[in-house]
Structures are given as C-alpha cells and as structure tokens.
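Given next are the chains, with one letter for each unit.
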Amino acid sequence: MSRISLEQANALIAAAFAKGQALGLKPLTVAVLDPGGCLIALQRQEGASNLRPQIAIGKANGALALGVSSRKIGEMAVERPTFVASLGPIAEQGLIPAAGGIILVDGAGRPIGAVGITGDTSDNDETCALAGAAAAGLQVQ
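Quantities reported herein were computed from a predicted structural model and do not represent experimental measurements.

**Digging into the overall build of the protein chain**
Tallying secondary structure elements over the protein chain gives 5 helices and 5 strands in all. Reading the protein chain from its N terminus to its C terminus gives the helix and strand order α-β-β-α-α-α-β-β-α-β. Principal axes of the C-alpha set define a box for the protein chain whose edges measure 40 × 35 × 20 Å. Each of the 141 residues in the protein chain was classed as buried or not, and the buried ones make up 48%. Carbon together with sulfur atoms contributes 54% to the accessible area of the protein chain, which is approximately 6800 Å² in total. Separation between the mean location of the 10 positive side-chain charges and that of the 11 negative ones in the protein chain comes to 2 Å.

**Re the pattern of salt bridges**
Throughout the structure, instances matching the rule amount to 5 salt bridges. Note that Arg 110 and Asp 106 form a salt bridge whose closest N and O atoms lie 3.1 Å from each other. Arg 110 sits in the exposed class, given a relative accessible area of 51%. The exposure class assigned to Asp 106 is buried, which follows from its relative accessible area of 8%.

**Points about the sheet that holds strand E2 (residues 39-44)**
A sheet is described by the order of its strands in space; here 5 strands give the open sequence E2-E1-E4-E3-E5, paired in antiparallel fashion. Lying at the two open borders of the sheet, with one neighbouring strand each, are E2 and strand E5 (139-140). By the bridge criterion, 5 bridges tie strand E3 (residues 101-105) to strand E4 (residues 111-118) in an arrangement that is antiparallel. In the sheet register, Ile 103 faces E4, and the bridge partner there is Ala 114. Along the sheet, helix H5 (residues 122-135) contacts E3, E4 and E5; its crossing angle with E4, the most-contacted strand, is approximately 140°.

**Things to note about the pairing of E4**
Of all 8 residues in E4, 7 are buried; the element is thus mostly enclosed. Two strands pair when backbone bridges link them, and strand E1 (residues 29-33) and E4 are joined in this way by 5 bridges, in the antiparallel orientation. Along E4, the bridge assignment pairs Val 32 with Val 115. Between E3 and the antiparallel strand that follows it, E4, lie 5 residues; Gly 109 among them carries a positive phi value of about 85°.

Definitions and cut-offs
- Residues numbered from 1 in each chain as written.
- Predicted model: local features only at pLDDT ≥ 70, side-chain atom pairs only at ≥ 80, totals over all residues.
- Heavy atoms only, no water.
- Helix = DSSP H or I, 4+ residues; strand = E, 2+ residues; numbered from the N terminus.
- Buried < 20%, exposed > 50% of the residue type's maximum accessible area, 1.4 Å probe, protein only.
- Areas by Shrake-Rupley, 256 points an atom, 1.4 Å probe, with all protein chains shown as cover.
- Lys, Arg positive; Asp, Glu negative; His and termini not counted.
- Charge placed at Lys NZ, Arg CZ, Asp CG, Glu CD.
- Salt bridge = Lys/Arg side-chain N within 4 Å of Asp/Glu carboxyl O.
- Pairing = 2+ DSSP bridges.
- Contact = heavy atoms within 4.5 Å.
- Axes fitted to C-alpha atoms, helices over the stretch in contact; angles between N-to-C directions.

Structure follows, in structure tokens:
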C-alpha cells in the first residue's frame, strides 16, 4: 500500500469522532492527507470553529513535512523556537507544533499519509487520532 485510501480515511474519521463523543470532547475537525500532503478527506463536526480545518491540515502536514508527530514538533519548538517558527512561512499548508498530528505508515514503516485533529486539548486531539487510526486498521509511526 502506498497511500491511505478514501475508505480508510473515512473509517478513521468516523472512529475519531466516536472516540471524541465517548470522551465528551468539544467538536472536532479531522483532516487526512496522502503521503505527498494532498487532502484526502476532511470533516468538521457541527459547532467546530471556522479555523479548525486549517489547524487540522497544519498538524498533519507538519508531521509529514518533518517526519515526526506534531507533538514532537511542539517539543522541538521549545528546544529550537527560531527553527520551528521559520518553517511556518515555507510550509504551504501550515505547520502546527501541537499534538494531534500523526503519520500513518505501511507494514514496512513507510508513510502512507497523516491525520491531523483539532478541537479539544492537544492531548485529547492526539488520543482521537490514535483511536481513529487503530479502528481503521492503520499503523502509526
């Protein structure tokens, strides 16, 4: 498999929304990108604020761009703030240094896409991303 399918992306989104509902989270927005950073699927729950799609895409895109989760990018921002801040202007779809963006991989560990979730705390966003990936039968980096 070289990229996540639309069917897998939609399954991931549905499972992430279900996890958010089970946890009583605020409305979520989920973006799924292919390994080249192109949008495969995006869904925004009712009540999610209007900048959430860009944030979700930025979390997933940043993970793909640097090859690490958006949580790790947040840690990098603490250690090397100038470096991470300089990436924003050159990251066409954004780069959000907060948990909630994870890389999806095939059995050999090669990226097949990424998911970014936003709407609640970053930790809760990441919890929903991991739950969605697991429910869709996808591995994460």
